[in-house]
Amino acid sequence: MARYKHMHLDMVRPGGAFYGYGELPGLRPVLTLRSQVACVRTVPAGDGVGYDLLDPAGSDRRIATLPFGYSDGVPRQLSRGAGHVVIRGRKAPYAGLLCMDMCMVDVTGIPGVQPGDEVFVFGGHPDAMTVPQAAAVCGMNRNGILSGIARRVPRIYTGGGAVREVRDLV
């Protein structure tokens, strides 16, 4: 509708516009995918992380486990440092392969990371990956990521700085 003004009819396919993406004036991204750190462990030099124990490191590292995975809609192509999250205002690259229900990130360079710390997966922080950035890394379009966020991920709707509604579909 914004791109083809001569085709204005009585039906609209808003798609990504619901999330603030598209060519309409005034749109801004509205989705933030957040989580929290579940645990933090030291992984010795030479040991891998996750499925197949990939990504062995040359030195000890601190690895945080996060309670989400590819079944929640975070693409597995972000594994092994292709993508990152933000914890305590710093980027933490994915370590090893994303698992179905969890993933690991390297927090070696981020002091004080502990269980319960907020994690920005997509949006919500200037250094967090945006949906279009993640889609580009994964070789897909943004709507593939937006529509892939699983029903089991609670939706929290905000407005005016307050929570307006929480929908937990599970």
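Draft legend 1. Quick look at the side chain of H84. By the element assignment, H84 lies in strand β4 (residues 84-87). From its side chain, H84 meets the backbone oxygen of D127 in a polar contact 2.8 Å long. Sequence-distant contacts of H84, defined by excluding residues within four places in its chain, comprise K91, A92, P93, Y94, V121, D127, A128 and M129.

Draft legend 2. A look at the nonpolar core. Residues V85 and Y94 are the most contacted members of the largest nonpolar core, which totals 32 residues. Where this core is concerned, the elements lending two or more residues are β3 (61-66), β4, β5 (90-95), β6 (103-106), β7 (118-122), α1 (131-138) and α2 (142-148). Ranked by the residues each element gives to this core, the list is headed by α1, at 4 residues. Filtering out sequence-adjacent residues up to four positions away, V85 remains in contact with L66, F68, R90, K91, A92, Y94, V105, V119, F120 and V121. In this structure, V43, A95, C99 and M104 belong to the second largest nonpolar core, which totals 6 residues.

Draft legend 3. Representation of the sheet that holds β7. As summarised here, the arrangement of the 7 strands in space is β1-β7-β4-β5-β6-β3-β2, forming an open sheet in which the pairing is antiparallel. Every other strand in the sheet has two partners, leaving β1 (33-36) and β2 (39-43) as the edge strands with one partner each. Pairwise comparison of adjacent strand axes, ignoring direction, gives a mean angle of 35° for this sheet. Both β5 and β6 contribute to a ladder of 2 bridges, which runs antiparallel. Residue pairing in the sheet places A95 in a bridge with M104 of β6.

Draft legend 4. Expanded view of the state of the cysteines. For the coordinates displayed, the defined rule picks out 0 disulfides. Looking at the unpaired C39, the closest cysteine sulfur is the one in C103, lying at 11 Å. C103 supplies the cysteine sulfur nearest to C138, a cysteine that is in no disulfide, at a spacing of 13 Å. Since its relative accessible area comes to 10%, C138 is described here as buried.

Draft legend 5. Geometry of unusual backbone geometry. Phi at D52 takes a positive value of approximately 65°, unusual for a residue other than glycine. Using a relative accessible area of 66% as the deciding quantity, one classes D52 as exposed. For L53, which is not a glycine, the phi torsion comes out positive at approximately 50°. Tracing the backbone shows L53 in the loop between β2 and β3.

Draft legend 6. Spatial organisation of the pattern of salt bridges. Within this structure, the stated rule accounts for 6 salt bridges. The shortest N-O distance in the salt bridge between E118 and R34 comes to 3.2 Å. Here the residue E118 occupies a position in strand β7, and R34 occupies one in strand β1, the gap between them amounting to 84 residues. A salt bridge links D72 to R152, with the shortest nitrogen-to-oxygen separation between them at 2.5 Å. Placement of the pair is D72 in the loop between β3 and β4 and R152 in the loop between α2 and β8 (155-159), with a sequence separation of 80 residues. Residue R152 is classed as partly exposed on the basis of its relative accessible area, which comes to 38%.

What counts, and where the lines are drawn
- Residues numbered from 1 in each chain as written.
- Predicted model: local features only at pLDDT ≥ 70, side-chain atom pairs only at ≥ 80, totals over all residues.
- Heavy atoms only, no water.
- Helix = DSSP H or I, 4+ residues; strand = E, 2+ residues; numbered from the N terminus.
- Polar contact = N/O pair within 3.5 Å; in protein donor to acceptor, adjacent residues only side chain to side chain.
- Contact = heavy atoms within 4.5 Å.
- Core = buried A, V, L, I, M, F, W, Y, C linked by side-chain atoms within 4.5 Å.
- Buried < 20%, exposed > 50% of the residue type's maximum accessible area, 1.4 Å probe, protein only.
- Pairing = 2+ DSSP bridges.
- Axes fitted to C-alpha atoms, helices over the stretch in contact; angles between N-to-C directions.
- Disulfide = S-S within 2.5 Å.
- Salt bridge = Lys/Arg side-chain N within 4 Å of Asp/Glu carboxyl O.

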